[in-house]
Amino acid sequence: AVVSTQSTGDYQDIVDAEWNILYEKLDKMVQSGAKIILSRLPIGDVATQYFADRDVFCAGRVTQEDLNRTVKACGGTILATVNNIREADMGHCELFEEIQIGNERYNKFTGCPKAKTCTLILRGGAEQFIDETERSLHDAIMIVRRAMKNDSVVAGGGAIEMELSKELKSYAKTIHGKEQLLITAYAKALEIIPRQLCDNAGFDATVILNKLRQRHAQGDKWMGMDITSEDIADNFVACVWEPSIVKKNALTAACEACCTILSIDETVKNPNSNYKAPNAMPGM
């Protein structure tokens, strides 16, 4: 907008009106009783100092995602105007503090009445370590989420694979013909899971698998690898669980992949792909 004035006095009146509007909005926010003000837009130095003098914390350039998460945890409403601010429009928390971790500063809300989540801060010396930690943490959270939705669980640490392998080996002995070889091979393939777990932990896979075979043959179906003692243990008692649906999906996907590979009876190769054009004649 363009405003034309006839004198410097008129210009000063316009400037004073702008300041009055600004201070009126700031005063309304303070009078509402709010102690923490978050804005998606930047907050100027004048407003920051005004709030600081009145013991009010403010933060600008807050992302929309962070605003939505704060509203879900603390309650309240994201407002587009400072007029008619109600008590129901404000959120609440027991403690708010600004903490510093490393070179970064964070605003920490504690005791939020509607909070059902928490924030995890991952730190490390290299980016690849952080990425690997994040993937591992995400996998663990998704496993717990799946376990809460499906209440059927089995013991982990290779226990269920060793039990399935034992049952399949026993079942294969009751079948004659080539099917016995297939079932035996399937049972042997299941032992790869506990063997790989031992290799990842740096254990002697041969010793651990021999112990597991012995205990499962004696009827201890939940015996699996114990990473803390470098031995075997009852993982169901030790609360090393995995959702049954995850194991079912893994076995189904493995079988489907194997069937797809076995169904390939011939590969076609284009002989022209290895053809090299002769060099051009000189002068061409």
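In what follows, the structure referred to is the one given above.
Definitions and limits used
- Residues numbered from 1 in each chain as written.
- Predicted model: local features only at pLDDT ≥ 70, side-chain atom pairs only at ≥ 80, totals over all residues.
- Heavy atoms only, no water.
- Salt bridge = Lys/Arg side-chain N within 4 Å of Asp/Glu carboxyl O.
- Helix = DSSP H or I, 4+ residues; strand = E, 2+ residues; numbered from the N terminus.
- Buried < 20%, exposed > 50% of the residue type's maximum accessible area, 1.4 Å probe, protein only.
- Pairing = 2+ DSSP bridges.
- Arc of directions from axis to C-beta.
- Contact = heavy atoms within 4.5 Å.
- Core = buried A, V, L, I, M, F, W, Y, C linked by side-chain atoms within 4.5 Å.

A. Seen up close, the pattern of salt bridges. Applying the stated criterion across every chain, the model contains 13 salt bridges. K108 is the salt-bridge partner of E97, the closest N and O atoms lying 3.9 Å from each other. Placement of E97 in strand β3 (residues 95-101) and of K108 in strand β4 (residues 104-110) is noted, with a sequence separation of eleven residues between them. Of the residues examined, K108 reaches a relative accessible area of 37% and is grouped as partly exposed. Of the charged contacts, one joins E161 and K247 as a salt bridge, the two residues approaching to 2.5 Å between their closest N and O atoms. Of this pair, E161 sits in helix α5 (residues 159-172) while K247 sits in helix α9 (residues 244-262); the two residues are 86 residues apart in sequence, bridging distant segments of the chain.

B. Geometry of the pairing of strand β6 (residues 223-226). Examined bridge by bridge, β6 and strand β7 (residues 231-234) share four bridges and lie antiparallel to one another. The partner of M223 across the bridge, within β7, is D234. Between β6 and the antiparallel strand that follows it, β7, lie four residues; E230 among them carries a positive phi value of about 55 degrees.

C. Main features of helix α2 (residues 45-53). For α2, the complete set of buried residues consists of A47, Y50 and F51. Buried residues along α2 cover an arc of 95 degrees about the axis, so they all sit on one side. Within α2, the exposed residues directed more than 90 degrees away from the buried face are D45 and D53. On the buried face of α2, the contacting elements are α1 (8-31), β1 (36-38) and β2 (57-59). Looking one or two residues past α2, D55 carries a phi angle of roughly 60 degrees, positive in sign.

D. The nonpolar core, seen in detail. L26, M29, V30, A34, I37, A47, Y50, F51, V56, C58, V82 and M90 together form the largest nonpolar core, which totals twelve residues. Within the residue set of this core, elements represented by two or more residues are α1 and α2. Leaving out residues up to four positions away in the same chain, L26 has contacts with A47, Y50 and F51. If you look at the next biggest cluster of nonpolar residues, it comprises ten residues, including M162, A205, M223 and M225.

E. A look at unusual backbone geometry. Positioned with a positive phi, D55 is a non-glycine residue whose angle comes to about 60 degrees. Residue placement: D55 occurs in the loop between α2 and β2. Of note in the backbone geometry, R61 takes a positive phi value of approximately 55 degrees without being a glycine. Along the polypeptide, R61 turns up in the loop between β2 and α3 (64-74).

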